[in-house]
Amino acid sequence: MKRFLRDHGLWVLFAAAVIAVALAVMSYFSNTSSPLTNVAGIIASPFRSAYTAVAGWFNEKQAYFADIQALQEENEALRKRNAQLEAAARQGERASEENELLRQRLNLREQKYELELEAAMVTEHEVTNWTSSLTLDRGTMHGVESGDCVVTATNDLVGLVGEVGTNWCTVLTIVDTDTSLGAQVFRTRDLGLAQGDFALMGEDRLRLDYLPAGCQLLNGDLVVTSGLGGYYPSDLVIGTIEEVQKDDSGAASYAIIAPEADFDALTEVFIIKSFDIVT
């Protein structure tokens, strides 16, 4: 031992001095921690910094993606709102067109005809496999005759008077198989014959036959009375075209018409007892 200290004593003293200085320095920079704890803290500090940096980066990315998702949801809500506004605008345009058409129809009486009308109440609506008819509380004592037209308040055609009693009459609706009258497509001015059909009567539909070859009809086209022959006023609304089909031969077309008048909802109608064309 003495020999070791004699040979290496200087180095032992130097090492002890270095350790003492290191402990003193660590104690100076850490007043609240033991030297060993401080050493561990010094060693862990870079790792803590790295962890904090990674956690901060992750939090930033998470916030970024949350903002992106919020923007996407907001954009989707804006797209839906825009679609709703566009639909409302289109509906407004259609309503404007319908109002213009309604004004034209309401002015029909003043523009083209002097109509003698008889208001009547609907007392019965009969629908069977063979007929579709209404019973009204007006008859011969009110000047009603067989063949008179019956319309709604907006000149939608309901049907034609059939049998007439003293204070009552029956009206064959336009879907009845015994009803037929000249018709015209309002948009194209194509002429045809609107008549009831057994296969369609139960669905409150009728046919438009004898259309000209090559006619270009569209679903929704308005069909009105033609007025040819002078038996009925022209431009009374029959209904709208629901579909166009080929007949059994495949050579001619016919259209299925949905009546404008709602027969089940009718409570009051108007009988056209006479009409004069205004020149």
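Residues numbered from 1 in each chain as written. Predicted model: local features only at pLDDT ≥ 70, side-chain atom pairs only at ≥ 80, totals over all residues. Heavy atoms only, no water.

Caption draft 1: Broad picture of the packing of aromatic side chains. Applying the stated criterion across every chain, the model contains one aromatic pair. Between Trp 130 and Phe 198 the ring centres are 5.7 Å apart and the planes differ by 80 degrees, which places this aromatic pair in the edge-to-face class. A residue pair is termed long-range when its members are at least 10 positions apart, and Trp 130 in the loop between strand E1 (113–127) and strand E2 (132–136) and Phe 198 in helix H4 (residues 198–201) qualify at 68 residues. Of the two residues, Trp 130 and Phe 198, neither departs from the other in class, the shared state being exposed. We note Arg 189 situated over the ring of Phe 186; from NZ or CZ to the ring centre the distance is 5.4 Å. In this structure, Arg 207 packs its charged tip against the face of Tyr 254, placed 3.7 Å from the ring centre. (Phe/Tyr/Trp six-rings, centres within 6.5 Å; stacked < 30°, edge-to-face > 60°. Helix = DSSP H or I, 4+ residues; strand = E, 2+ residues; numbered from the N terminus. Buried < 20%, exposed > 50% of the residue type's maximum accessible area, 1.4 Å probe, protein only. Lys NZ or Arg CZ within 6 Å of the ring centre and 35° of its normal.)

Caption draft 2: Layout of unusual backbone geometry. Of note, Asn 155 is a non-glycine position whose phi angle comes to about 65 degrees, a positive value. Residue placement: Asn 155 occurs in the loop between strand E3 (149–151) and strand E4 (157–164). Not every positive phi belongs to a glycine, and Arg 189 is a case in point at roughly 65 degrees. Examined against the element boundaries, Arg 189 turns out to sit in the loop between strand E6 (180–185) and strand E7 (191–195). Classification of Arg 189 as partly exposed rests on a relative accessible area of 41%.

Caption draft 3: Molecular detail of the sheet that holds strand E10 (residues 237–246). Spatially, six strands are ordered E6-E7-E8-E11-E10-E9 in a closed barrel, and the strand pairing comes out antiparallel. The average angle at which neighbouring strand axes cross in this sheet is 40 degrees, direction not considered. Examined bridge by bridge, E6 and strand E9 (residues 222–225) share three bridges and lie antiparallel to one another. Along E9, the bridge assignment pairs Val 185 with Val 223. (Pairing = 2+ DSSP bridges. Axes fitted to C-alpha atoms, helices over the stretch in contact; angles between N-to-C directions.)

Caption draft 4: Expanded view of the pattern of salt bridges. Using the criterion set out here, one finds seven salt bridges in the structure. Of the charged contacts in the structure, one is a salt bridge between Asp 137 and Arg 138, with a shortest N-O distance of 3.4 Å. Residue Arg 187 pairs with Asp 221 through a salt bridge whose shortest N-O separation is 2.8 Å. With a gap of 34 residues between them, Arg 187 in the loop between E6 and E7 and Asp 221 in the loop between strand E8 (206–209) and E9 connect regions that are remote in the sequence. A relative accessible area of 44% places Arg 187 in the partly exposed class. On the basis of relative accessibility, which here comes to 7%, the residue Asp 221 falls in the buried class. Connected via shared salt-bridge partners are Glu 116, Glu 118, Asp 137, Arg 138 and Lys 273. (Salt bridge = Lys/Arg side-chain N within 4 Å of Asp/Glu carboxyl O.)

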